[in-house]
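Each chain, written out:
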Amino acid sequence: MKKKEKVIFGICLALFLGASAFAASYYMSVRQNEKAYEKMAEEAVAVTVSPTPSLAAAGQDDGKKVQKRQEDNEEDPAQIPVDFTSLQAKNPDIYAWIRIPGTKVDYPVLQREGDDSYYLKRTAEGVEGLPGSLYTESCSSRDFTDCNTVIYGHNMRDGSMFGGLDAYADREYMEEHGQILIYTPQHQYTYQIFAAVTYDNRHILHSYDGRDRMQLQSFLDSLHQEDFSATWNERLQVTGDDRVLTLSTCNGNDEQRFLVEAVLIDEK
């Protein structure tokens, strides 16, 4: 091998080894952060969850309006299976927990005052890097009383965080994994998924005020745009009078977002 070829080979080998080392370090870091979430779930969340109402139990089948809220919770108080005292001692920005039974979604929800993108690439323990956290922005109320609450999360290739949401493009999967549970220190909220939409990249809560019912209706109307790919639970009729939860993640196209939409059917 000539001297020039040896130099080129050496450079290529160095670049290859450097890239391999970086990739190994990156994936090791991501996996370490994911294990931290798994440990957090084991320590903070009980295995047993109180049963949640089905659409039929809520009296919402046959296309009837989806809205069931309990005005008086004294006889049926919420059983919160999350140790928020322990979680908030570690990080006071943790204010809720989201769980989608039968999926990998089982994580704390965070909000950082004064820095909406803080948890985009920081874990709930404050470690920089992916997979980041599930978080809301400061324009969203922490008590889930807004007309539309938007939770953001990364679309991780291993299916963690919001990496499995694209499965909701399949209607059968949507029916089998249709409920979302949100826990706060005081309440349990149950949502029913009614749509999965490949949306554009507009900032939803800047375009549609999440605390205004007319704006919620405008947002719901926008989901039906012809150039959006969408899967619907046609039994659910959702309007601006409801309270909606939006799960938002990327889909590999900078011009698009993938949204899973759910409507509140029960709160305790």
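In this text, all values refer to a predicted model and were calculated from it rather than measured experimentally.

Caption draft 1: Broad picture of unusual backbone geometry. The omega torsion across leucine 130 and proline 131 is 15°, close enough to zero to call that bond cis. Mapping proline 131 onto the fold places it in the loop between strand E2 (106-110) and strand E3 (134-135). Residues other than glycine seldom take positive phi values, yet methionine 161 does so here, at roughly 50°. Mapped onto the secondary structure, methionine 161 falls in the loop between strand E4 (148-152) and helix H3 (171-176). Its relative accessible area of 1% is what places methionine 161 among the buried residues.

Caption draft 2: Looking closely at the pattern of salt bridges. Counted under the stated rule, the structure contains six salt bridges. One salt bridge connects arginine 202 with aspartate 200, and the closest N-O pair in it is separated by 2.6 Å. The residue arginine 243 makes a salt bridge to glutamate 267 at a minimum N-O spacing of 3.2 Å. Of the two residues, arginine 243 is situated in the loop between strand E7 (229-232) and strand E8 (244-249) and glutamate 267 in strand E9 (residues 256-267); the sequence distance between them amounts to 24 residues. With respect to burial, arginine 243 and glutamate 267 carry one shared label: buried.

Caption draft 3: Geometry of the packing of aromatic side chains. Under the defined criterion, the tally for this structure stands at nine aromatic pairs. Aromatic pair phenylalanine 144 and tyrosine 189: ring centres 5.8 Å apart, planes at 40°, arrangement tilted. Residue phenylalanine 144 is found in the loop between E3 and E4, and its partner tyrosine 189 is found in strand E6 (residues 188-200); the two are separated by 45 residues along the sequence. Since its relative accessible area comes to 1%, phenylalanine 144 is described here as buried. Clustering of aromatic rings is evident, with ring pairs tying together Tyr199, Tyr208, Phe219 and Phe228. Over the face of the ring belonging to tyrosine 118 we find arginine 112, whose NZ or CZ atom lies 4.1 Å from the ring centre. The ring of tyrosine 118 carries arginine 122 above its face, with NZ or CZ at 4.1 Å from the centroid.

How each quantity is defined
Residues numbered from 1 in each chain as written. Predicted model: local features only at pLDDT ≥ 70, side-chain atom pairs only at ≥ 80, totals over all residues. Heavy atoms only, no water. Helix = DSSP H or I, 4+ residues; strand = E, 2+ residues; numbered from the N terminus. Buried < 20%, exposed > 50% of the residue type's maximum accessible area, 1.4 Å probe, protein only. Salt bridge = Lys/Arg side-chain N within 4 Å of Asp/Glu carboxyl O. Phe/Tyr/Trp six-rings, centres within 6.5 Å; stacked < 30°, edge-to-face > 60°. Lys NZ or Arg CZ within 6 Å of the ring centre and 35° of its normal.

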